[in-house]
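# Survey of secondary and tertiary structure
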Amino acid sequence: MNGYGEDSAVAQSGSKSPGKGSTSGGRAANGKSTTGKAGGGSAGSAGKSGRTTAPAGKSRQSVAAARRSSPSNNRTQLIIGGIAIVVIIGIVVFGVVLNRQQTATQAEGYGASTQSVATASADGVVTVSKPGSTPKATIDVYEDAMCPACAELERQYGQQINQQLDNGNLTVNYHMVNFLNPRSPSGDYSTRAAGALLCVAQNSGSQPGVYMAYHSALFSPDHQPEEGGSSDLTNQQLADLATSVGANEAAAGCISLGQQTQAAATAATAFLATLNQVTGGQAQTPTVVHNGAPLSLTTNWLSTLVS
Amino acid sequence: MTTRTVSRPERIRDAVGVLARLILAGVFLVSGGLKAWDARETIVAVRAYQLLPESLVGPVAAILPYFELALGLLLLIGLATRLAAVLAAVVMVMFIAAVASAAARGLSIDCGCFGGGGQVEPGQTAYTAEILRDAGLLALAVYLAIRPDTPWSVDRFAHRRAAHAA
């Protein structure tokens, strides 16, 4: 059934009549079907008798049946459907090509940062930049160590951030929040990872690239725990990971003892409040704030920022 | 075609039909556009549902926004309205199922319906509102699938012309 037949109908004067049959008869008719039209017309003029002489349902059925088999109408249907399918496929193919460009890893192949150093402020913000540089832009990054979206940000833009840090174009302030703790197997992974990052910033921050390497490692698919998964990293494992990216013994010791976990929790509470403020109560991670407002992280956000 | 007077029920039906079509078109164009605009967020939003294997997250996140845009366009101009409405209904059912399953599994995610998406703070989820909205849109799509003929549509224009020519 094509569904267009009865709706494109014309109601003759008969449709104004209260007779049920006449309305249906009128509706069944359209400009093309002369029988339907006649039915509607006669039903209208005959008033109530229309229902007895020509049962409405039956006449509508036959008109619809006639229309179904109408070759011109069928052809129109086919052409319309064909065009629609071509339109859908065309737009989707175009989109997939565009999407591949949009989601490509930026500065692919650049690798780790070699020049950036990190310092932790008293309130737990870790600032990363190249010593002696005058950056063109400063961004405030809000992340949760459990957040898969943050891992995606790292995959796509991590190397570009390293590159811009090393070029002296960028300063990054990292604010680690912990609202995804409940989604971590241990229940406090977000906080412990944030504490571990603080340990690295405080003890190994002056070693070029180490903080950024640890940050990348925490968000890599190899290390980031799965939400609702069965296990995450212990403090000892977090410490070993820091050692593997070049952090010193003091940093590893700080992490394995969880020395900054409490400080990280306090900081996270304050960061979340700020994040809620900046985003109008829609706190989510990752959020990159520039000049007090969250950035829309579309493909060229970083290159635009430092250009 | 000869002069025609349109009955009142038909006028109402026309109005409802064209309204349903344009509302659905608008929603799909906006939601598809926002998702297409922020491709990374869309990947994240799709992944956040934790329904698809990782190998399918990318392709779905790439196709979905443009599929929505295509449906929006078809509905906007009223081309193959029934086909578009059926596909729209299928998409809505999938959205509702995905959001409902996220709610049932206790995930803290934004539906990503209009771009964005991903994890949000627990307590900031809006699953009920999201499902209700999608259910309303599903109703519009079902209505259009049943009665696809609406005014100001390529469909009606083409059928009239075809009928004329015959």
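Let us look at the structure shown here. (Residues numbered from 1 in each chain as written. Chains lettered and ligands numbered in written order. Predicted model: local features only at pLDDT ≥ 70, side-chain atom pairs only at ≥ 80, totals over all residues. Heavy atoms only, no water.)

Okay, the overall build of chain A next. A count of helices and strands for chain A gives twelve helices and six strands. Each of the 307 residues in chain A was classed as buried or not, and the buried ones make up 53%. Residue pairs in contact within chain A that sit at least 24 positions apart in sequence constitute 72% of those at least 6 positions apart. Approximately 13,200 Å² of chain A is accessible, and the part contributed by carbon and sulfur atoms is 55%. (Helix = DSSP H or I, 4+ residues; strand = E, 2+ residues; numbered from the N terminus. Buried < 20%, exposed > 50% of the residue type's maximum accessible area, 1.4 Å probe, protein only. Contact = heavy atoms within 4.5 Å. Areas by Shrake-Rupley, 256 points an atom, 1.4 Å probe, with all protein chains shown as cover.)

Attention now goes to helix H5 (residues 127-146) of chain B. Residues and elements named next belong to chain B. For H5, with 20 residues, the first-to-last C-alpha span of 28 Å sits near the 28 Å given by 1.5 Å per residue. Burial in H5 covers these residues: Tyr127, Glu130, Asp134, Leu137, Leu138, Ala141, Leu144 and Ala145. One face of H5 carries all of its buried residues, which in axial projection span an arc of 120 degrees. The exposed residues of H5 that point more than 90 degrees off its buried face are Thr128, Leu132 and Ile146. Each element contacted by the buried residues of H5 is listed here: helix H1 (8-37), helix H3 (54-77), helix H4 (81-104) and strand S1 (109-110). (Expected span 1.5 Å × (residues − 1). Arc of directions from axis to C-beta.)

Moving on: the packing of aromatic side chains. All names here are of chain A. All chains considered together, the criterion is met by two aromatic pairs over all chains. A ring pair is formed by Tyr157 and Trp301, whose centres lie 5.4 Å apart and whose planes are at 70 degrees; its orientation type is edge-to-face. Residue Tyr157 is located in helix H6 (residues 148-166), and its partner Trp301 is located in helix H12 (residues 301-306); the two are separated by 144 residues in the primary sequence. Centroid distance Tyr174 to Tyr211: 5.9 Å. Interplanar angle 45 degrees. Geometry classified as tilted. With Tyr174 in strand S4 (residues 170-177) and Tyr211 in helix H8 (residues 210-219), this pair connects stretches of sequence that are 37 residues apart. Taken individually, Tyr174 and Tyr211 each receive the classification buried, so the pair is uniform in this respect. (Phe/Tyr/Trp six-rings, centres within 6.5 Å; stacked < 30°, edge-to-face > 60°.)

This part takes up the layout of surface pockets. Estimates place the volume of the largest pocket at around 950 Å³. Along its surface, the largest pocket is lined by 35 residues, and A:Ala151, A:Glu152, A:Pro221, B:Arg47 and B:Glu54 are the ones closest to its centre. In terms of residue count, H6(A) provides more of the lining of the largest pocket than any other element does, eight residues in total. Residue composition of the lining of the largest pocket, by class: 16 nonpolar, eleven polar and eight charged. Of the volumes computed, that of the second largest pocket is approximately 440 Å³. Together, 21 residues line the second largest pocket, and B:Val46, B:Tyr49, B:Val60, B:Leu64 and B:Phe95 are the ones closest to its centre. (1 Å grid on protein atoms, 1.4 Å probe; cavity = no way out; pocket = protein on both sides within 12 Å on 5 of 7 lines; lining within 4 Å. Points joined across faces, edges and corners; volume = space filled by probe spheres on them. Nonpolar A, V, L, I, M, F, W, Y, C, P; charged D, E, K, R; others polar.)

Turning our eyes to something else, we now look at the state of the cysteines. For the coordinates displayed, the defined rule picks out three disulfides over all chains. Covalently, A:Cys199 is tied to A:Cys254 through a disulfide, its sulfur atoms 1.9 Å apart. Residues A:Cys199 and A:Cys254 are joined by a disulfide whose S-S torsion is about -65 degrees; by sign, that bridge is left-handed. One end of the pair, A:Cys199, is in helix H7 (residues 189-204); the other, A:Cys254, is in helix H10 (residues 249-256), and 55 residues separate them in sequence. The class of A:Cys199 is buried, set by a relative accessible area of 1%. The class for A:Cys254 is buried, based on a relative accessible area of 5%. Residue pairing for B:Cys111: its cysteine sulfur links by disulfide to B:Cys113, the two sulfurs lying 1.9 Å apart. Like B:Cys111, the residue B:Cys113 is buried in the burial classification. (Disulfide = S-S within 2.5 Å.)

This next bit is on the packing of H1(B) against H3(B). All names here are of chain B. Relative orientation of the contacting elements H1 and H3 amounts to 155 degrees, with a least axis distance of 7 Å. Regarding the angle of H1 to H3, the classification is roughly antiparallel. Read as a crossing pair, H1 and H3 show a hand that is left-handed. Touching Arg21, Leu22, Leu24, Ala25, Phe28, Leu29, Ser31, Gly32, Gly33, Lys35 and Ala36 of H1 are Leu64, Pro65, Tyr66, Glu68, Leu69, Leu71, Gly72, Leu73, Leu75, Leu76 and Ile77, all from H3. For the contact of H1 with H3, the per-class residue count stands at 15 nonpolar, four polar and three charged. (Axes fitted to C-alpha atoms, helices over the stretch in contact; angles between N-to-C directions. Parallel < 35°, antiparallel > 145°, perpendicular 65-115°, else oblique. Left-handed = near helix turned anticlockwise from the far one by under 90°.)

On to the environment of B:Leu75, then. Residues and elements named next belong to chain B. With respect to the helices and strands, the residue Leu75 is situated in helix H3. Relative accessible area serves as the criterion here: at 0%, Leu75 is assigned to the buried category. Along the sequence, Leu75 and Phe28 sit 47 residues apart, while their C-alpha atoms lie 9.0 Å from each other. If near-sequence neighbours (up to four positions away) are discounted, Leu75 is found in contact with Arg21, Leu24, Ala25, Phe28, Thr81, Ala84, Ala85 and Leu144.

Here the focus is the interface of chain B and chain A. Counting residues at the interface gives 53 residues for chain B and 56 residues for chain A. Of the roughly 4,600 Å² buried between chain B and chain A, counting both surfaces, carbon and sulfur atoms make up 58%. The interface formed by chain B and chain A includes one salt bridge. The residue B:Arg47 makes a salt bridge to A:Glu152 at a minimum N-O spacing of 3.2 Å. At the level of elements, H1, helix H2 (39-48), H3, H4 and helix H6 (154-165) of chain B are the ones that each hand at least two residues to the side of chain B that touches chain A. Take the side of chain B that touches chain A: its biggest share by element is nine residues, from H3(B). Each residue belonging to the side of chain B that touches chain A can be placed in one class, and the counts come to 27 nonpolar, ten polar and 16 charged. (Buried area = accessible area lost by both parts, 1.4 Å probe. Salt bridge = Lys/Arg side-chain N within 4 Å of Asp/Glu carboxyl O.)

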